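What follows is the residue order along each chain.
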Amino acid sequence: MSRLSIQLPGLDLKNPIMPASGCFGFGHEYAQLYDLSKLGAIMIKATTVEKRLGNPTPRVAETPAGMLNAIGLQNPGLDKVMSDELPWLEKYDVPIIANVAGTLIEDYVEVARRISTAPNVKALELNISCPNVKHGGITFGTDPVIARELVEAVKAVSKVPVYVKLSPNVTNIVEIAQAVEIAGADGITMINTLIGMRLDERTGKPVIANGTGGLSGPAVKPVAIRMVYDVYKAVDIPIIGMGGVSCVQDVIDFMSAGASAVAVGTANFVDHFVCPNIIDALPKKLEELGVTHIKELIGRSHR
Amino acid sequence: MIQQERMVVVRQTEIAHHIFELTLQGQIVQEMNPGQFVHIRVSQSFEPLLRRPISIANIDKEAGEVTLIYRAEGRGTTILSEKQVGDEVDVLGPLGNGFPVDELPKGKTALLVGGGIGVPPLYELSKQLNARGVRTIHVFGFATEDVAFYEDKFSTLGETHFVTVDGSKGTKGFVTDLLGELKPEFDVFYSCGPLPMLRALEQFYPNKPGYLSFEERMGCGIGACFACICKTTEDSEKDYVKVCSDGPVFPKGVVKL
């Protein structure tokens, strides 16, 4: 399997495939289906200082080749994640990337400071791009000055490398990527969901109780590929790419555009075994492409 | 254990207007219990993208067959209704926690109350209750006669009453109207149907134990995505429950109605 291994700041990945945050909970459910040690890493559900009960239902709506969600960062809170969820995940041989969310800079700092001390948390993913909460989240991800301030504050306290999850809901994503790089980010994860809305055919009102939701699934892949492609050219820190990944070819596409690893989101709801299936299919794909090691694919669009 | 299987279509019949009875054969039938559901991917394309949760109406472990009854109303269920005998269907299941069948000792009576497409899971439940020597009374509500089904099948298991909103079959009105007239004697009630019906039923029988099966828009179907959350009552130990993995069946009084 060494031809699939990838080394990134803080992360020694057996393979470049990991479930994306918010699509995998804290792993319990998928652990019923397969051995989580098979995964390159796990991006756990966003954690906030206090527990959050999330938004009213309906929280999801299907759209052409995609879905909208507005879960609202529901999670049991930092204490529970530290005392229950992360220790439970220790039985698996898999690095954890902890998604950190909050309303104020102080919230992010508090979660980062404590969660980065957990033995299996090898990196943080700063969620400055959640479109479904009223305060925090995306507001940090759309202003390069505020994004920089937040990353600097978190970097000052984190014991592990810090990746920043970028929002596609901006005019110029390269500008945000450069701002977080200057602030000391160790890597970038991209993209979060695109803000969207679906209307009820009878009433003409939004289907999702929150009104808007985040669009994910195959429909967003071209947007994500373009953004990874542009950001790769503009920064020197590694990118973990995501957005509509559902098969081995999608992984090849993201890595070609410049991603060093790839996260799988919505596809986990459609084919619950998609991550292990992609991992199993990668060696054959590398043969077909005449590639010895998967890292040779990173950024090949630009060469 | 939850498994993913390509099950084979054994039969598919339209048993009422846009209501289909689909029988599938496969290994995972051996794991199924009444009140659980399966999550079906109707197409290998991205359209529609998500799986469809469908309740289990009849389990035949000897033949390795499961029967599902569903309404073909959206794109996904319409595609499912076009599956032919011999076609394969991608099924994840069985999912969720079903009805407790061993709640009642032999000789006791269960009241089964269903509404519309909430009626199907009560069929396997009724079969299993009767097999244990529990008497069942069935009270089912439908919008109109042309969407009603399984009167004969339920009648062979116990006393069966139908009610329709427009009065085209049985009594006119809602299940609670009929229950007020019938005043059935029973020990436990089991119910599946639209939220207003579950709410009315819980108020109607404040002093009887009961189990309610819920429906909510789902993503993953296994508890990971937090789409199908229900708020709980003040008495509950939990802040919330997930319909897919904590339910879909809950004891009365857990979910805030």
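Residues numbered from 1 in each chain as written. Chains lettered and ligands numbered in written order. Predicted model: local features only at pLDDT ≥ 70, side-chain atom pairs only at ≥ 80, totals over all residues.

Some words on the overall build of chain A
Next up, step 1: Regarding its fold elements, chain A presents 10 helices and 14 strands.
Next up, step 2: The C-alpha radius of gyration computed for chain A amounts to 18 Å, which stays within 12% of the reference 19 Å derived for 303 residues, consistent with globular compactness.
Next up, step 3: Counting only C-alpha atoms and orienting by the principal axes, one finds that chain A spans roughly 50 × 50 × 40 Å.
Next up, step 4: Counted over contacts in chain A with a minimum sequence separation of 6, partners at least 24 positions apart contribute 71%. (Helix = DSSP H or I, 4+ residues; strand = E, 2+ residues; numbered from the N terminus. Rg over C-alpha atoms; globule rule 2.2 N^0.38 Å. Contact = placed C-beta atoms within 7 Å.)

Re the UniProt feature "binding site: FMN" (unreviewed entry) in chain A
Residues and elements named next belong to chain A.
Next up, step 1: In this structure's numbering, the residues bearing the UniProt feature "binding site: FMN" (unreviewed entry) are Ser21, Lys45, Ala46, Asn99, Asn127, Lys165, Ile191, Gly217, Gly243, Gly244, Gly265 and Thr266.
Next up, step 2: Inspection of the secondary structure puts Ile191 in the loop between strand 10 (187-190) and strand 11 (194-196).
Next up, step 3: Among the secondary structure elements, Gly243 is positioned in the loop between strand 13 (239-241) and helix 8 (248-257).
Next up, step 4: Classification of Gly243 as buried rests on a count of 31 C-beta atoms within 10 Å.
Next up, step 5: Contact partners of Gly243, with chain neighbours within four places excluded, come to Ile191, Val220, Lys221, Val223 and Ala224. (UniProt positions renumbered as here; feature names shortened; annotations may be inferred. Buried ≥ 20, exposed ≤ 12 C-beta atoms within 10 Å, placed from the backbone.)

Side note on helix 2 (residues 120-131) of chain B
In an α-helix, one full turn covers 3.6 residues, which means residues spaced three or four apart are oriented alike.
All names here are of chain B.
Next up, step 1: Counted at 1.5 Å a residue, the expected span for helix 2 with its 12 residues is 16 Å, and the 18 Å between its end C-alpha atoms agrees.
Next up, step 2: With 9 of its 12 residues buried, helix 2 lies for the most part within the structure.
Next up, step 3: Residues Pro120, Pro121, Leu122, Tyr123, Glu124, Leu125, Ser126, Lys127 and Leu129 constitute the buried set of helix 2.
Next up, step 4: Just beyond helix 2, the residue with positive phi is Gly133, at close to 85°. (Expected span 1.5 Å × (residues − 1).)

Let's talk about the sheet that holds strand 12 (residues 213-216) of chain A
Strand pairing in a sheet is mediated by backbone hydrogen bonds. Such pairs are either parallel or antiparallel.
Residues and elements named next belong to chain A.
Next up, step 1: The antiparallel open sheet is built from 4 strands, whose spatial order is 5-6-12-11. Because the sheet does not close on itself, it has two edges, and the strands there are strand 5 (60-63) and strand 11. Taken pair by pair, the neighbouring strands of this sheet meet at an average axis angle of 35°, ignoring direction.
Next up, step 2: Bridge count between strand 5 and strand 6 (residues 66-69): 4 bridges; the pairing is antiparallel. Note on strand 6: the bridge partner recorded for Glu62 is Met67. (Pairing = 2+ DSSP bridges. Axes fitted to C-alpha atoms, helices over the stretch in contact; angles between N-to-C directions.)

Side note on the interface of chain B and chain A
Next up, step 1: With 24 residues of chain B at the contact, the number on the chain A side is 28 residues.
Next up, step 2: Taken together, the residues of the side of chain B that touches chain A sort by class into 14 nonpolar, 4 polar and 6 charged. (Nonpolar A, V, L, I, M, F, W, Y, C, P; charged D, E, K, R; others polar.)

With respect to the environment of Ile115(A)
Residues and elements named next belong to chain A.
Next up, step 1: Structurally, Ile115 is set in helix 3 (residues 105-115).
Next up, step 2: The class of Ile115 is buried, set by 23 C-beta atoms lying within 10 Å.
Next up, step 3: Taking C-alpha positions, Ile115 is 17 Å from Glu152, a pair spaced 37 residues apart along the chain.

Looking at the UniProt feature "binding site: [2Fe-2S] cluster" (unreviewed entry) in chain B
Next up, step 1: UniProt records the feature "binding site: [2Fe-2S] cluster" (unreviewed entry) for Cys220(B), Cys225(B), Cys228(B) and Cys244(B) in the present numbering. For this annotated set, covering 25 residues, all C-alpha atoms fall within 10.2 Å of each other, a compact arrangement in space.
Next up, step 2: Here Cys220(B) is to be found in the loop between strand 12 (210-213) and strand 13 (229-231).
Next up, step 3: We classify Cys220(B) as buried; it has 29 C-beta atoms within 10 Å.
Next up, step 4: In contact with Cys220(B), not counting residues within four places along its chain, are Asn268(A), Phe269(A) and Cys225(B).
Next up, step 5: Its location among the elements puts Cys225(B) in the loop between strand 12 and strand 13.
Next up, step 6: Owing to 29 C-beta atoms within 10 Å, Cys225(B) belongs among the buried residues under this scheme.
Next up, step 7: What Cys225(B) contacts, discounting residues up to four positions off in sequence, is Cys23(A), Phe269(A), Gly219(B) and Cys220(B).

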